[in-house]
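Each chain, letter by letter, is given below.
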Amino acid sequence: MNLLIRFLKVEEEIEKLYLFLIRMEISGQKYSDAYRYMMKRIDALTKEENKLLVEMEGSYLDVKKELQSYSVKEMPINLGFHTNASVLRFEKMIDSVWGDSGIEYADALYYDIHRILLKFLEYMIDNPYYENIRKDLISFKYDIIFLDYNVENDFLTEKDMSCISLDSRILQGILPSSKYIDQAILILEIEEAIKQIQCIGDVSEKTSSYTLVVIKMMQIFARMALCRNEELNCVMDDVQSLLEDEEIDFRVKEIMTELAEIFEQIQNSFYFSR
């Protein structure tokens, strides 16, 4: 069997197990034996992934060429919504394994972003105020874990995440190109999220638009937390304009204020390594 097809079959099995975990947490079974059993099955499959990666070594360009036949544009939440979520996971993984030093820094940056997002979600998922979108928040949580192998490793090994070292800053000093990667992952993605929010109409609590704004706002704050001062100056005007725009639904501004308050409460949970 084609090595890529074998790999994607493993990815699909992992995807199914994460969908089980989503349903379990939604129904209050996060601490059940069945939940832990699913975690063990995922852990076993990730070990199978690693063996296949070793077999695939040296054929990176061939694999990337084969992947071109799939559509892998990322969505706000991929698990359960994107037919090619497993392909997206695989593509991110091989880019990380066979990438250059720039990819290493990008991985570290996304790892930090994702852990900040998980801190937001940790605060919000069981908060009665967000009960209307709890299912979406749980789906988003597992989507982050599914698509970031560093976060997944923390999850499967049950690493203590009460205090988080944000490590991307260490690489900034030894990688001159980091400022250009920051431009793409921090600045441009903040600006893109703002544009998407500006295009959203009704934002009542029972619409998918509400969930989308919450996710986009979390992503903006997580990236702002990692900006250096000069980068932060680039985006602050855009963020402030969004808050002051009279054409923007008032609920968007409320969400922004709410998430700023949550960020103030969670920011002591992480720090920059020196």
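Our structure is the block above this text.
Residues numbered from 1 in each chain as written. Predicted model: local features only at pLDDT ≥ 70, side-chain atom pairs only at ≥ 80, totals over all residues. Heavy atoms only, no water.

K.L.:
Please clarify how the overall build of the protein should be interpreted in this entry.
P.N.:
Counting its secondary structure elements, the protein contains twelve helices and two strands. Overall, the protein shows an N-to-C arrangement of helices and strands of α-α-α-α-α-α-α-β-α-α-α-α-α-β. Dimensions of the protein along its principal axes, counting C-alpha atoms only, are 60 × 45 × 35 Å. Residues classed as buried in the protein amount to 49% of the 274 residues present. Looking at the protein alone, contacts between residues at least 24 apart form 78% of all its contacts between residues at least 6 apart. (Helix = DSSP H or I, 4+ residues; strand = E, 2+ residues; numbered from the N terminus. Buried < 20%, exposed > 50% of the residue type's maximum accessible area, 1.4 Å probe, protein only. Contact = heavy atoms within 4.5 Å.)

K.L.:
Would you mind showing me how to read the packing of aromatic side chains here?
P.N.:
For any two aromatic rings, the description comes down to two numbers: the centre-to-centre distance and the angle of the planes. Tallied over the entire structure, the rule returns eight aromatic pairs. Between F7 and F90, the aromatic rings sit 4.5 Å apart at their centres with planes inclined by 50°, giving tilted as the arrangement. On the criterion of sequence distance, the pair formed by F7 in helix α1 (residues 3–26) and F90 in helix α4 (residues 85–98) is long-range, its members being 83 residues apart. Summarising the burial analysis for this pair, F7 and F90 share the class buried. Here the aromatic rings of F120 and F263 are separated by 6.1 Å at their centres, their planes lie at 20°, and the arrangement is stacked. Taken as a pair, F120 in helix α5 (residues 101–124) and F263 in helix α12 (residues 250–266) lie far apart in primary sequence, 143 residues in all. Among the aromatic residues, those joined into a ring-pair cluster are Y18, Y142, F146 and F155. Taking the ring centre of F20 as reference, the NZ or CZ of R23 above it sits at 4.8 Å. Here the basic side chain of R115 rests over the ring of Y111, its NZ or CZ set 3.8 Å away from the ring centre. (Phe/Tyr/Trp six-rings, centres within 6.5 Å; stacked < 30°, edge-to-face > 60°. Lys NZ or Arg CZ within 6 Å of the ring centre and 35° of its normal.)

K.L.:
Honestly, the packing of helix α6 (residues 134–147) against helix α7 (residues 149–156) in this entry has me stumped. Any pointers?
P.N.:
Think of two packed helices as two axes; the pair is described by the angle between the axes and how far apart they sit. Between α6 and α7, whose axes approach to 5 Å, the crossing angle comes to 110°. Classified by the angle their axes make, α6 and α7 are roughly perpendicular. Touching Y142, I144, I145 and L147 of α6 are Y149, V151, E152 and F155, all from α7. (Axes fitted to C-alpha atoms, helices over the stretch in contact; angles between N-to-C directions. Parallel < 35°, antiparallel > 145°, perpendicular 65-115°, else oblique.)

K.L.:
Just to check I follow, could you spell out the pattern of salt bridges for this structure?
P.N.:
Oppositely charged side chains may form a pair once their charged atoms are brought near each other. Here the structure, examined in full by the defined rule, presents 18 salt bridges. A salt bridge links K92 to E74; the nearest nitrogen and oxygen atoms lie 3.2 Å apart. Taken together, the positions of K92 in helix α4 and E74 in the loop between α3 (60–67) and α4 put the pair 18 residues apart, joining distant regions of the chain. Through salt bridges that share partners, E11, E49, R89 and E152 make up one connected network. (Salt bridge = Lys/Arg side-chain N within 4 Å of Asp/Glu carboxyl O.)

K.L.:
Sorry, what's going on with the side chain of E15 here?
P.N.:
If you trace the backbone, E15 turns up in helix α1. Despite being buried, E15 has no salt bridge partner; K16 is the closest side chain of opposite charge, sitting 8.3 Å away. Excluding residues that lie within four positions of it along the chain, E15 makes contacts with L79, H82, A85, S86 and F146. (Lys, Arg positive; Asp, Glu negative; His and termini not counted.)

K.L.:
How should unusual backbone geometry be read in this particular structure?
P.N.:
Among all residues except glycine, the phi angle is most often negative; among peptide bonds, the trans geometry is most common. Within the chain, E158 stands out as a residue other than glycine whose phi angle is a positive 55°. Structurally, E158 is set in the loop between α7 and β1 (164–166). With relative accessibility at 48%, the residue E158 sits in the partly exposed group.

K.L.:
What is the right way to look at the environment of I197 in this model?
P.N.:
Among the secondary structure elements, I197 is positioned in helix α9 (residues 178–198). Considering only alpha carbons, one finds I197 and K216, 19 residues apart in sequence, at a separation of 7.4 Å. With residues up to four places along the chain from it excluded, the contact list for I197 reads K216, M217, I220, L242 and V252.

K.L.:
Help me understand α9 in this model?
P.N.:
Because an α-helix packs 3.6 residues into every turn, residues spaced three or four apart end up facing the same way. An ideal rise of 1.5 Å per residue puts 30 Å on 21 residues; α9 measures up with 29 Å between its terminal C-alpha atoms. At L188, α9 shows its maximal kink, close to 30°. Lining the buried residues of α9 we find α5, α8 (168–172), α10 (208–224), α11 (229–244) and α12. (Expected span 1.5 Å × (residues − 1). Bend = angle between axes of the 7 residues up to and from the residue.)

K.L.:
I'm lost on α12 in this one. Help?
P.N.:
With 17 residues, α12 should cover 24 Å at 1.5 Å per step; its first-to-last C-alpha distance of 25 Å lies within 8% of that length. Taken together, the buried positions of α12 are occupied by R251, V252, I255, M256, E258, L259, I262, F263 and I266. Seen end-on, α12 carries its buried residues on one side only, within an arc spanning 170°. Projecting away from the buried face of α12 at angles above 90 degrees are the exposed residues F250 and E264. Contact partners of the buried residues in α12: α5, α9, α10, α11 and β2 (270–272). (Arc of directions from axis to C-beta.)

K.L.:
Which parts of the structure should I look at to understand the environment of D112?
P.N.:
With respect to the helices, strands and loops of the structure, D112 is situated in helix α5. A residue is classified by how much of its surface remains accessible, and D112, at 0% relative accessible area, is buried. Spatially, the C-alpha atom of D112 lies 27 Å from that of L52, the residues being 60 residues apart in sequence. Ignoring any residue separated from it by four or fewer positions in sequence, one finds D112 in contact with S165, L166, D167, S168 and L226. Of note is the side chain of D112, whose polar atom sits 2.7 Å from the side chain of S168. (Polar contact = N/O pair within 3.5 Å; in protein donor to acceptor, adjacent residues only side chain to side chain.)

Function cannot be inferred from these measures alone, as they are strictly geometric.
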